[in-house]
Amino acid sequence: KEDEDGNGPLSMAAIAALESVLTSADMSCLEEKDLVSLGKSFSFISRVVLGEEEETVDDKSDNLDEWKTACARVIGAVIALGLCQEKEDDDALTESCKRMKTLATSLLPEILASATSPPKDSSKSNSIRYEWAVLAGACANGTSRVSQKIVSELISGIIAALRSSQADQGAPAMVLAYLIRRGGPNVSVAFHGMSPPEPTPFDIINEMCKPLQLGSSEEKMDSEGNMVGRQLQVGMSLLQLPASRAKDEKVANDAIKRAKSILPFLVPAYERSSAASSCGGLAQFVDQILPPLSEWDEVKLCIAFPLLAAVLNSLNESWGTLDSATLKILRSMITDLAQFSISSDHDAHARSAAASCLFSVLYHSGQDDDCDEDVSNFRKLLEDVVHPVLTNAISHLKGEVNDAATSRASSSLLQTPETLRSSFSQVEDIISFLGLLGSAAACKGGPLSPTADKVASFLIELSCTGASQFPFTEATLELVTPSDQGRKHPLLDPASHAYILPASAFGGIISVQNGGPFWRQRMTHKTLPILSNALQLQAKSQNPPSLGTLAVVCHMICCLPGSILGESNIQQILPTMVAGLVYFSKNFKALAQSEMISSKPTDVLSIILAALTKILTISPEYVTKLIGVIIPSLLLLSSSTESSGMYIPKQLLVFQCLETIAKHTQARNSILREKDQVVAVLSALVDHPSMIIRNAVVQVRNVWYILA
């Protein structure tokens, strides 16, 4: 019997006991009167889960959530038990098993219909979906047969939603993603094990590759509504006027937008090890489309690349399970993947996913083959793919920088054309791709270690000096040389911003976690002399540190253990980091203006603070003598009342540094001298518009206030 409130301790205990009975006891020996009683109980419990039973307590009660969750577990156990019956012939089942199977079969459609519908109380955006918990419990407690039944229904629901014109087409996919996380391993196995005539994951992909409304596009369809083959059709009658082509592009963009709303819920299914069975089909699908020839090829790649990238990333430990045909297809796509990733003509998300696919293929393929083929692949990508486009992009950037310098010389206002930002973005993408190749070569090691060394040395030298010889060529690439005024004020100098790009790519290389234990040590040994020479030359100047050199220093401190850098090297590069901190703190207004050129200087400030945080936390003795310089700079950076959400993370890093410094016992005298100033500045920030900043300020101020 129920408690007075309907969901008190006694009811909770009863529902938990019922769940235990369902998941552990033999239900085949139940008598008729027991089955009738259980049937009534299950009917009541299902109404509770579906929200059809009136609540006896306030909706905000924690007891109500616990009660409904317990009810959901019971219904999940009922469905798992009823659908686990392997015998299709009802005559071979006992009466109790028949009753449980019938009950589960009647409950499942109701639960699925409710789970794939919007929540009944739309005012609660974060409301708990108890129907999802039912399905997850059924999959987790049931056999593979249960997961196959539920997953098949969800795939059909996803396809039906994509074919409909309803506003929310992602509800069934959201349920699937929940089951992948909470429903046990059978869910992903069932998802990738589906085969015709049952709906399959590729049916979802094919459906997403179609226009939102089949009749709204002039794209040719066959009798079954599928896209026609990719054979290029010719003829005057097939030429499109600008208006019709723009219409096709709009329809394709709408399809991409819809796909991006669904893909986040499908990707988790492809991140499981069971997704290896889908890798061959996805690789073949992509191979048939690359290089894209139409807007709809772009749509297909925007859908397929994220899924293929998720599969390949999940195979880090089991790459050898792929069959030889799939491996051959993946290797054959290396050049096409590189060209797609490096081209600005394609969707940014698809390019990123393609680059991830390329990294996995380069890192894993050829492990048991002749290593000469690997070296040849890397050299071909560097010489034939990266070098030409990087040369052209840098040349174009030089022209834009020079034009911007000329326009600023004739105007007191800082005006940066959109073409300059676009040129920065293009060069950044290509250099980042070069860094990806370098990281893949470094992680793979062996005969490819010299390739990684060449790429890293090129990036370091380019960021520190502005000129370097491109790997495996005799060509020297040069960035724009900053003017004397640009060296004095690099934040407002577009030429100085360009030096940050190769430094960021180098930071991307040494931050990768794959590969053996020694490649970072080797790369550091190869690149530190280049950095040391640049620092010695720049030490003779009275100008602020070069933004490129500063970025390299901070990336090394952030990404490399102290045991690899060595104490002497850390002490050599730390003054550059502190000098950069001082320069940014004294020119904060110029930093805000620099956003009109590019966001790279703001990124440099982030890694300066991150590097300082690491040093203060791990090896504070290195900066003991510099505390008197560091604290005033941090106060200048913290005193900004800028309420932009973009600057809040940097302010939090500043406060973290200040709090860590207060605990630095070796610099107690210097810290106490700054105490009053620190407390005064922090007290002025307690009314900051951001609650996160206010809380951090109060915490740090209290730490400093009690220093003695």
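Heads up: these notes are all about the structure in this document. Note that the structure is predicted; figures quoted are calculated from it, not measured.

Conventions and cut-offs
- Residues numbered from 1 in each chain as written.
- Predicted model: local features only at pLDDT ≥ 70, side-chain atom pairs only at ≥ 80, totals over all residues.
- Heavy atoms only, no water.
- Salt bridge = Lys/Arg side-chain N within 4 Å of Asp/Glu carboxyl O.
- Helix = DSSP H or I, 4+ residues; strand = E, 2+ residues; numbered from the N terminus.
- Buried < 20%, exposed > 50% of the residue type's maximum accessible area, 1.4 Å probe, protein only.
- 1 Å grid on protein atoms, 1.4 Å probe; cavity = no way out; pocket = protein on both sides within 12 Å on 5 of 7 lines; lining within 4 Å.
- Points joined across faces, edges and corners; volume = space filled by probe spheres on them.
- Nonpolar A, V, L, I, M, F, W, Y, C, P; charged D, E, K, R; others polar.
- Phe/Tyr/Trp six-rings, centres within 6.5 Å; stacked < 30°, edge-to-face > 60°.
- Axes fitted to C-alpha atoms, helices over the stretch in contact; angles between N-to-C directions.
- Parallel < 35°, antiparallel > 145°, perpendicular 65-115°, else oblique.
- Left-handed = near helix turned anticlockwise from the far one by under 90°.
- Contact = heavy atoms within 4.5 Å.
- Core = buried A, V, L, I, M, F, W, Y, C linked by side-chain atoms within 4.5 Å.

## With respect to the pattern of salt bridges
Then comes step 1: Following the criterion strictly, the structure yields 15 salt bridges and no others.
Then comes step 2: The partner of Lys149 in a salt bridge is Glu153, with the nearest N and O atoms 3.6 Å apart. Of this pair, Lys149 and Glu153 both sit in helix 6 (residues 144-163), four residues apart, which is roughly one turn of that helix.
Then comes step 3: Since its relative accessible area comes to 41%, Lys149 is described here as partly exposed.
Then comes step 4: Judged by its relative accessible area of 35%, Glu153 falls in the partly exposed class.

## Side note on empty space enclosed by the protein
Then comes step 1: One pass over the structure, following the stated rule, counts one cavity of 30 Å³ or more.
Then comes step 2: In terms of residue count, the dominant contributor to the lining of the largest cavity is helix 16 (residues 371-409) (three residues).
Then comes step 3: Considering only residue class, the lining of the largest cavity consists of three nonpolar, two polar and one charged.

## Structural notes on the packing of aromatic side chains
Then comes step 1: The tally for this structure, following the rule as stated, stands at seven aromatic pairs.
Then comes step 2: Between Phe359 and Tyr363 the ring centres are 6.1 Å apart and the planes differ by 25°, which places this aromatic pair in the stacked class. Here Tyr363 and Phe359 lie together in helix 15 (residues 348-364), a separation of four residues that amounts to about one turn.
Then comes step 3: Its relative accessible area of 13% is what places Phe359 among the buried residues.
Then comes step 4: The exposure class of Tyr363 is buried, given its relative accessible area of 16%.

## Some remarks on the packing of helix 29 (residues 648-662) against helix 30 (residues 668-683)
Then comes step 1: Where helix 29 meets helix 30, the closest approach of the two axes is 10 Å, and the angle between their N-to-C directions is 140°. Taken together, helix 29 and helix 30 sit at an angle that is classed as oblique. For the element pair helix 29 and helix 30, the recorded crossing hand is left-handed. Note on element contacts: helix 30 touches helix 29 through Arg668, Ile671 and Leu682, opposite Phe655, Leu658, Ile661 and Ala662.
Then comes step 2: Looking at the contact of helix 29 with helix 30 residue by residue, the class counts come to six nonpolar, no polar and one charged.

## A word on the side chain of Thr200
Then comes step 1: Structurally, the position occupied by Thr200 is in the loop between helix 8 (185-193) and helix 9 (201-208).
Then comes step 2: Classification of Thr200 by relative accessible area gives buried; the value is 10%.
Then comes step 3: The contacts of Thr200, once residues within four sequence positions are left out, are Ile155, Met194 and Ser195.

## Describing the nonpolar core
Then comes step 1: Core analysis: the biggest nonpolar cluster contains 230 residues, and Ile150, Leu179, Phe305, Met577, Phe584, Leu634 and Trp704 have the highest contact counts within it.
Then comes step 2: Setting aside residues up to four positions removed in sequence, Trp704 forms contacts with Ile631, Leu658, Glu659, Ile661, Ala662, Ile671, Glu674, Lys675, Val678 and Val679.

## Considering unusual backbone geometry
Then comes step 1: A cis amide bond, omega 5°, links Pro196 with the succeeding residue Pro197.
Then comes step 2: Its place among the elements puts Pro197 in the loop between helix 8 and helix 9.
Then comes step 3: Residues Leu290 and Pro291 are joined by a peptide bond in cis, for which omega reads -15°.
Then comes step 4: Within the secondary structure, Pro291 sits in the loop between helix 11 (276-289) and helix 12 (295-314).
Then comes step 5: For Phe472, which is not glycine, the phi dihedral falls at a positive 65°.
Then comes step 6: Assignment of secondary structure puts Phe472 in the loop between strand 1 (467-469) and strand 2 (476-478).

## Quick notes on the environment of Ile158
Then comes step 1: The residue Ile158 is located in helix 6 in this model.
Then comes step 2: You can call Ile158 buried: its relative accessible area is 1%.
Then comes step 3: Each C-alpha atom of the pair Ile158 and Asp203 lies 9.7 Å from the other, and the pair is 45 residues apart in sequence.
Then comes step 4: Setting aside residues no more than four positions away along its own chain, Ile158 makes contact with Pro172, Ala173, Leu176, Ile204 and Leu266.

## Things to note about the environment of Ala160
Then comes step 1: The topology assignment puts Ala160 in helix 6.
Then comes step 2: Looking at Ala160, the relative accessible area reads 45%, which means it is partly exposed.
Then comes step 3: Taking the C-alpha atoms as reference points, Ala160 and Glu207, 47 residues apart in sequence, are found 9.3 Å from one another.

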